[in-house]
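The lines below spell out each chain.
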Amino acid sequence: MKNEVGLKHIALELEISVVAVSRALKDCGDISDNTKRKVRQKAIELGYVPRPLKKSDHKTIAILVDSLGSPFFGMIAEKMIEELKQYNCITTFIPTAQNYACKDNVKEALELSVDGIISFLVPHQDAYEMVLLHRIPFLLFGRYVEDPRMNIVYMDDYQGGQLAASYLLGKGANKLCYIGVDNIECSLRRQKGFVEEGQKNNVNNICIIQSDEINNVEKLIDGGYKWFFCFDDELARHLLSLQKDKNIYVIGYNGSSRFSSRYESFTSIYANYDLMIKDTINILMDKIINNNEGDPIIIKHITQLCE
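To keep things clear, this report deals only with the structure shown in the data block. Worth saying up front: this structure is predicted, and the values here are computed from it rather than measured.

1. With respect to the sheet that holds strand β5 (residues 151-155)
If you trace the six strands from one edge of the open sheet to the other, you get β2-β1-β3-β4-β5-β11, paired in parallel fashion. The outermost strands of the open sheet, each flanked by one partner alone, are β2 (89-95) and β11 (298-301). With strand direction ignored, the average angle separating the axes of adjacent strands in the sheet is 15 degrees. Here strand β4 (residues 138-141) pairs with β5 via three bridges, running parallel. Bridge pairing in β5 links L139 to N151. Along the sheet, helix α4 (residues 71-85) makes contact with β1 (59-65), β2, β3 (116-119) and β4, crossing β2 at roughly 150 degrees.

Spelled out as structure tokens, the structure:
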């Protein structure tokens, strides 16, 4: 289908030059961020489609991540790569030091002429506008954000928090502590489920601290806190190593013991990752085949206790 909306239409709508529109869409440094945002939003609104790039026979999928070292990420990434091979896809990893996917991450993916993007990180507004503009199929994995335009496959972190609280209550908890990660939405959902389940069972002494405060947890233990829920298994393992001589109960998140003997006796929360990955790849391939048409798909997976 011929693209009937061109740069001049966007320029006329915004009363700026065609050159400015072109350079804004290329994210050139001589155009202000405010102008770039207005141009992207207007281009999306008008249905402008950038000129398609020439593709090779295989499809390329970019995976946006914030960590290349955790056992959990390694397991998920390995399974994703194997599943994508069934569709003649190759993968490229784009890491970031941020706790969100930024515009530069998306630009790097576009420069690689990717066919689709899987992100382990919630995208910043500017980043997702670039995805929408170029109509690249995009799927958010393991995180959740309220955006009616985004494909999402995630686990029920609120339920995971409830399960963690129930586990610790079964160990006689009368004081609970959640060790989370600041400014990450899935951590807040785990925290909410944990706190509300504790309160429902008449536990009013519930402490919330962040991961960078874990070295000070001994004061809490001395104050009678012996039941801890950690954002992930790495934090839980670190807590246990710091307090190995203390009589405490710790539960982690991600179910690392299911794919690493390193966590053999570790209690944790997990989901059916094989099914999550299959859903992710099926959605992405469908969007690629159908030129990213159709309504966004959101799938939530239940969590389970892993002892």
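Still more to cover.
2. Some details on the environment of G161
Positionally, G161 belongs in helix α7 (residues 157-169). Between the alpha carbons of G161 and F229 there is a distance of 8.2 Å; along the sequence they are 68 residues apart.

3. Some remarks on the packing of aromatic side chains
One pass over the full model with this rule turns up ten aromatic pairs. An angle of 5 degrees between the planes, with centres 6.5 Å apart, marks the rings of W227 and Y249 as stacked. With W227 in strand β8 (residues 227-230) and Y249 in strand β9 (residues 249-251), this pair connects stretches of sequence that are 22 residues apart. On the basis of relative accessibility, which here comes to 8%, the residue W227 falls in the buried class. Members of the aromatic cluster, joined through ring pairs, are F73, F93, F120 and F141. Against the face of Y253 rests R190, its NZ or CZ located 3.6 Å from the ring centre.

4. Description of the pattern of salt bridges
Following the criterion strictly, the structure yields 21 salt bridges and no others. The salt bridge involving D30 is made with R23; its shortest N-O contact spans 2.9 Å. A relative accessible area of 52% means that D30 is categorised as exposed. For E129, the salt bridge is made with R40, and the minimal N-O distance between the two is 3.1 Å. With E129 in helix α6 (residues 125-134) and R40 in helix α3 (residues 33-46), the pair connects residues that are 89 residues apart, well separated along the chain.

5. Section: the side chain of T303
The topology assignment puts T303 in strand β12 (residues 303-306). By relative accessible area, which is 4% here, T303 ends up buried. A polar contact of 3.2 Å, which involves the side chain of T303, links it to the backbone nitrogen of G160. Filtering out sequence-adjacent residues up to four positions away, T303 remains in contact with M155, D156, Q159, G160, L163, Y253, I269 and Y270.

Conventions and cut-offs
Residues numbered from 1 in each chain as written. Predicted model: local features only at pLDDT ≥ 70, side-chain atom pairs only at ≥ 80, totals over all residues. Heavy atoms only, no water. Pairing = 2+ DSSP bridges. Helix = DSSP H or I, 4+ residues; strand = E, 2+ residues; numbered from the N terminus. Axes fitted to C-alpha atoms, helices over the stretch in contact; angles between N-to-C directions. Contact = heavy atoms within 4.5 Å. Phe/Tyr/Trp six-rings, centres within 6.5 Å; stacked < 30°, edge-to-face > 60°. Buried < 20%, exposed > 50% of the residue type's maximum accessible area, 1.4 Å probe, protein only. Lys NZ or Arg CZ within 6 Å of the ring centre and 35° of its normal. Salt bridge = Lys/Arg side-chain N within 4 Å of Asp/Glu carboxyl O. Polar contact = N/O pair within 3.5 Å; in protein donor to acceptor, adjacent residues only side chain to side chain.

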